[in-house]
Amino acid sequence: MSTPPHSDPGLEQAAASDESLLAAHEKLLGKKPDDQANYRLLPLSLLFVFSGLIFFAGTYLNLYSGHFDPHVYNEHALPHKGGVEVVKIDPRELGKKLFNNAACNTCHQVTGLGQPGIYPPLVGSEWVLGTEERVIRIVLYGLQGKVTVKGTDYSAAAMPSFGKVAGSGFNWSDDKIAAVLTYVRSEWGNNAAAITAAQVAAIHAKEGDRKAWTAEELAKLP
Amino acid sequence: MTTVQTNASHEVTAIDTAARWPLLLLIHASIKWLVLSGVLALIGSIQLVQPVFLSTCAIFAHGRIVAMQESIFIYGWAANAGLALALWILGRLGGSPLRAMNWVVVGTLAWNVALVLGLIGIATGDATSIAFLQLPRYVQLLMVVAYGAIAVPGVLAWAGRRTEGTFAAQWYAVAALFLFPWLFSAAQLMLLWSPVRGTLQAVAGGWFSQGIWTLWLAPLALAPAYYIVPKVTGRALPSYEFAPHSFWCLLVVGGFTGGRHLVGGPVPAWIASLAIVSCVLLLFHYFVVFMNLRGGLGRGSTASRLVAVGLLAYVLGGLVDAITAFRGVAAITQFTFVEVAQQQLALYAGFTLILLGAIYFAVPRLLGRGWFSANLVIGHAAIAFTGVALLVVSLLGAGWVQGHDLLDAKISFADIAIHTRPWLLAATAAQGILLLGNLLLLVNFLETACAGCCASATPTENPFREPSTMEATAS
């Protein structure tokens, strides 16, 4: 039926029966020898199209797959030979991030000034700027009871434990403790020496697991 | 009914009458879901330009509306309609009436009850966070079982076919029947029952949401398209010898496109690169589909015009998919309305228009009588073309504006919302137009089914051609 069917939207007349449909197409797929050399240009060009696409695909994957390495996230990079490259992190940057990430800033505020009468300030605090022995212990294990900072007594709140010790809700590594202390001791005009992870680790090893400190206990330390 | 069965020279044979009511049940459910999906899409679209709209009630929160709309569209409209047409085509080309049709009725009821329960779950806050898999966990096993029941006659018709040789429409229908249970159950296992860890979830989610399109919805749309185009034109498909390659290209390469939404994400670079390459390789499939089915353009009546426009959108969608997959383009289009536009181009302009055309072709043959109103058919097609074009273009515009604005750190988020607003207003109008068109379909379908059901089942005269007069010719 080569005559186009008349327009009938309610019915949409068909021009081919199912049997003839199957038969006609089966013939097209048949593997008969092509004696007449009837192949048309189109299938050949399709072959070229597909080959071109595959060539492109191979090239693209070669250039931008990072050699299928599970550690390569940047499509322009190649797998790193010989171990993992350790990236140096600035402890102050890490400390700033830790301080402001709903941990320290909740009480001591972003300004480090605390809340008058409730949370002691860190700015110019003798505890922060004083000996490393005390300040490391405070952050590692916490501090309970009355403490005097810059001549004012604070006893309303307790400092929680941040280190990897029993009962800590934070479980920060010694690196993180050192970073946040370094940040606190050098921010807002504070100017005390940086604290290294090794110093924290030494005190952590010496004290082991213990409960929070009190100000009197700390005062006995050098 | 009996007259139709005994009349052997009628195009409508026992193959159609045996499938009549179970398949009409599926189509009936699908059309109602399509209308409901349109209502929710309209509400969701209004909320984008008027955020306070219906915002006081938790059920109508934008996230839940969108999740419900997507679920209804995929599992309500697309699944019911696609399965009905796949079964019908497998039966007709298999050469014998479909068997075990009771399974279809039971399966349809179970599937749609599960969907309703799942939607209640989403409305009350139980949605999962995975694209196209938002239905809560507790209905999903039931859906797998129900799907199996609906698919039984299709598998029987394929395995017990009486005809010599097979046709492309059958390949796509059978592939869709078998691939969905695999996709759906594997995704459930990896994402809901025993979730994989970390970024692997994003990879699995991307695989599933792309797979639903390339491995299930696309074959479900291509099956009726490959059937109807040569049926209406009466000519064998040109370049048909490449159709098997195109079929396998879609099935093999289609599953690897999942990483295209992970460009720039926290996954190894090769996953995105492989997906980009797969999107490009699929161009072969789209090109062959276009070469095969280009004969359907400008021939026949409204139903084949719907199929033809749907096919054009399908091919165009593949092209757009390949272009936007590239990292340079994705830098602008990713996470913008361009992706929504792309999805609508594939799911609405492509899949839905083809399926609508197929429904307009199949229902008269299932019922043995023409549509109740030919004018409603023409009206629906005109409305659907207008609505789809407006929807896709306006979303593309919104996405382009949004994508460029987002790259400029000086433009505030509120300003971006203001810039996209006119485009989104147009998209909202488009959703309204589409809803109106689908209501016309619902009315027409109910009237037609009623006429076939309540009135005496004997049409006054045989409206169809006799098979002996219909001969497919090689072009």
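Since the model is a prediction, treat every value here as computed from it, not as a measurement.

1. Notes on the overall build of chain B
Working step 1: A count of helical and extended segments in chain B gives 14 helices and 0 strands.
Working step 2: Starting at the N terminus and ending at the C terminus, chain B contains elements arranged as α-α-α-α-α-α-α-α-α-α-α-α-α-α.
Working step 3: Radius of gyration (C-alpha) of chain B: 22 Å, near the 23 Å computed for a compact globule of 475 residues.
Working step 4: Counting every position in chain B, which comprises 475 residues, the buried fraction comes to 60%.
Working step 5: A separation threshold of at least 6 residues defines the contact pool for chain B, and within that pool the share at least 24 residues apart is 84%.
Working step 6: Total accessible area on chain B stands at roughly 17000 Å², and carbon and sulfur atoms take up 70% of it.

2. Details of the overall build of chain A
Working step 1: Assigned secondary structure in chain A consists of 9 helices and 4 strands.
Working step 2: When the elements of chain A are put in sequence order from the N terminus, they spell out α-α-α-α-α-α-β-β-β-α-α-β-α.
Working step 3: Split into buried and exposed, the 222 residues of chain A put 38% on the buried side.
Working step 4: A sequence separation of at least 24 residues applies to 55% of the contacts in chain A between residues at least 6 apart.
Working step 5: In the structure as shown, chain A presents an accessible area of about 13000 Å², 59% of it carried by carbon and sulfur atoms.

3. Some remarks on the pattern of salt bridges
Working step 1: With the rule as written, the count across this model stands at 11 salt bridges over all chains.
Working step 2: Lys231(B) is the partner of Asp18(A) in a salt bridge, and the nearest nitrogen-oxygen pair spans 3.0 Å. Highlighted residues: Asp18(A) in helix H1 (residues 18-29) and Lys231(B) in helix H7 (residues 200-233), drawn from two different chains. With respect to class, Asp18(A) is no different from Lys231(B); both count as buried.
Working step 3: Measuring nitrogen to oxygen at the nearest pair gives 3.4 Å for the salt bridge that ties Arg210(A) to Glu217(A).
Working step 4: With a relative accessible area of 23%, Arg210(A) lands in the partly exposed category.
Working step 5: The partly exposed category is assigned to Glu217(A), whose relative accessible area is 26%.
Working step 6: The structure contains a network of salt bridges with shared partners spanning Asp18(A), Asp16(B), Arg92(B) and Lys231(B).

4. Some words on the interface of chain A and chain B
Working step 1: Facing 45 residues of chain A, the contacting portion of chain B comprises 64 residues.
Working step 2: Both faces combined, the contact of chain A with chain B buries some 5000 Å², and carbon together with sulfur accounts for 67% of it.
Working step 3: On inspection of chain A and its partner chain B, the count reaches 3 salt bridges.
Working step 4: For the pair chain A and chain B, the number of links is 16 residue pairs in polar contact (both at pLDDT 80 or more).

5. Observations regarding empty space enclosed by the protein
Residue and element names in this part refer to chain B.
Working step 1: Under the definition given, this model contains 4 cavities of 30 Å³ or more.
Working step 2: The calculated volume of the largest cavity comes to roughly 80 Å³.
Working step 3: Around the largest cavity, the lining residues are Val229, Val289, Phe290, Leu293, Arg294, Gly296, Leu297, Ala308, Leu311, Leu312 and Val315.
Working step 4: A total of 4 residues in the lining of the largest cavity trace back to one element, the largest contributor, which is helix H10 (residues 302-325).
Working step 5: Taken together, the residues of the lining of the largest cavity break down into 9 nonpolar, 1 polar and 1 charged.

6. Description of the nonpolar core
Working step 1: With 171 residues, the main nonpolar core has Leu23(B), Tyr75(B), Trp77(B), Phe208(B), Trp216(B), Leu217(B) and Tyr226(B) as its most contacted residues.
Working step 2: Apart from residues no more than four positions distant in its own chain, Trp216(B) is found in contact with Ile74(B), Ala79(B), Tyr147(B), Ala176(B), Phe180(B), Leu183(B) and Gly211(B).
Working step 3: Leu98(A), Val147(A), Val184(A) and Ala215(A) belong to the second-largest nonpolar core, a separate cluster that totals 33 residues.

7. Side note on helix H3 (residues 91-99) of chain A
Note: α-helices contain 3.6 residues per turn, so residues at a spacing of three or four share the same orientation.
All names here are of chain A.
Working step 1: Those residues of H3 lying buried are Gly95, Leu98 and Phe99. The buried residues of H3 all sit within an arc of 95° when viewed along its axis, so they share a single face.
Working step 2: In this fold, the buried residues of H3 make contact with helix H4 (105-108) and helix H7 (174-186).

8. Things to note about the domain arrangement of chain A
When the parts of a complex come together, some accessible area is lost, and that lost area is often taken as the interface size.
Working step 1: As assigned here, chain A comprises domain 1 (42-77) and domain 2 (91-219).
Working step 2: Spacing between the C-alpha centres of domain 1 of chain A and domain 2 of chain A amounts to 54 Å.

9. A look at the side chain of Ser20(A)
Working step 1: Examined against the element boundaries, Ser20(A) turns out to sit in helix H1.
Working step 2: A distance of 3.0 Å separates the side chain of Ser20(A) from the backbone oxygen of Ser17(A), its partner in a polar contact.
Working step 3: Each residue touching Ser20(A), except ones within four places of it in the same chain, is listed here: Met470(B), Glu471(B) and Ala472(B).

10. Notes on the packing of aromatic side chains
Working step 1: Under the criterion given, the structure shown has 36 aromatic pairs over all chains.
Working step 2: A ring pair is formed by Tyr60(A) and Phe326(B), whose centres lie 5.8 Å apart and whose planes are at 85°; its orientation type is edge-to-face. Separated into two different chains, Tyr60(A) in helix H2 (residues 41-64) and Phe326(B) in the loop between H10 and helix H11 (327-333) make up a pair that spans both.
Working step 3: Judged by centre distance (5.8 Å) and plane angle (70°), the rings of Tyr183(A) and Trp188(A) are edge-to-face.

11. Quick look at unusual backbone geometry
Working step 1: Within the chain, Glu12(A) stands out as a residue other than glycine whose phi angle is a positive 55°.
Working step 2: Here Glu12(A) is to be found in the segment before H1.
Working step 3: The phi torsion at Phe132(B) lies on the positive side, around 65°, for a residue other than glycine.
Working step 4: Relative to the elements of secondary structure, Phe132(B) occurs in the loop between helix H4 (101-123) and helix H5 (137-159).

12. A closer look at the packing of H10(B) against helix H13 (residues 374-407) of chain B
Residue and element names in this part refer to chain B.
Working step 1: Where H10 meets H13, the axes come as close as 10 Å, and the angle between the chain directions of the two elements is 15°. By the angle class used here, H10 and H13 are roughly parallel. Helix-helix and strand crossings are classified by hand; for H10 and H13 the assignment is left-handed. Two secondary-structure elements touch here, H10 through Thr302, Arg305, Leu306 and Val309 and H13 through Val377, Ile378, Ala381 and Phe385.
Working step 2: Split by residue class, the contact of H10 with H13 holds 6 nonpolar, 1 polar and 1 charged.

13. Quick look at a nonpolar patch on the surface
Working step 1: A contiguous nonpolar patch, built from Val113(B), Val116(B), Leu117(B) and Ile120(B) and spanning about 330 Å² of accessible area, is present on the exposed surface.
Working step 2: If you trace the backbone, Val113(B) turns up in helix H4.

14. Structural notes on the environment of Ile46(B)
Working step 1: Topologically, Ile46(B) is positioned in helix H2 (residues 14-49).
Working step 2: For the pair Ile46(B) and Asn80(B), spaced 34 residues apart in sequence, the C-alpha separation works out to 27 Å.

Each value, and the rule that gives it
- Residues numbered from 1 in each chain as written.
- Chains lettered and ligands numbered in written order.
- Predicted model: local features only at pLDDT ≥ 70, side-chain atom pairs only at ≥ 80, totals over all residues.
- Heavy atoms only, no water.
- Helix = DSSP H or I, 4+ residues; strand = E, 2+ residues; numbered from the N terminus.
- Rg over C-alpha atoms; globule rule 2.2 N^0.38 Å.
- Buried < 20%, exposed > 50% of the residue type's maximum accessible area, 1.4 Å probe, protein only.
- Contact = heavy atoms within 4.5 Å.
- Areas by Shrake-Rupley, 256 points an atom, 1.4 Å probe, with all protein chains shown as cover.
- Salt bridge = Lys/Arg side-chain N within 4 Å of Asp/Glu carboxyl O.
- Buried area = accessible area lost by both parts, 1.4 Å probe.
- Polar contact = N/O pair within 3.5 Å; in protein donor to acceptor, adjacent residues only side chain to side chain.
- 1 Å grid on protein atoms, 1.4 Å probe; cavity = no way out; pocket = protein on both sides within 12 Å on 5 of 7 lines; lining within 4 Å.
- Points joined across faces, edges and corners; volume = space filled by probe spheres on them.
- Nonpolar A, V, L, I, M, F, W, Y, C, P; charged D, E, K, R; others polar.
- Core = buried A, V, L, I, M, F, W, Y, C linked by side-chain atoms within 4.5 Å.
- Arc of directions from axis to C-beta.
- Domains from an automatic or database assignment.
- Phe/Tyr/Trp six-rings, centres within 6.5 Å; stacked < 30°, edge-to-face > 60°.
- Axes fitted to C-alpha atoms, helices over the stretch in contact; angles between N-to-C directions.
- Parallel < 35°, antiparallel > 145°, perpendicular 65-115°, else oblique.
- Left-handed = near helix turned anticlockwise from the far one by under 90°.
- Patch = residues over 30% accessible without salt bridge, like charges linked within 9 Å, V, L, I, M, F, W, Y side chains within 5 Å.

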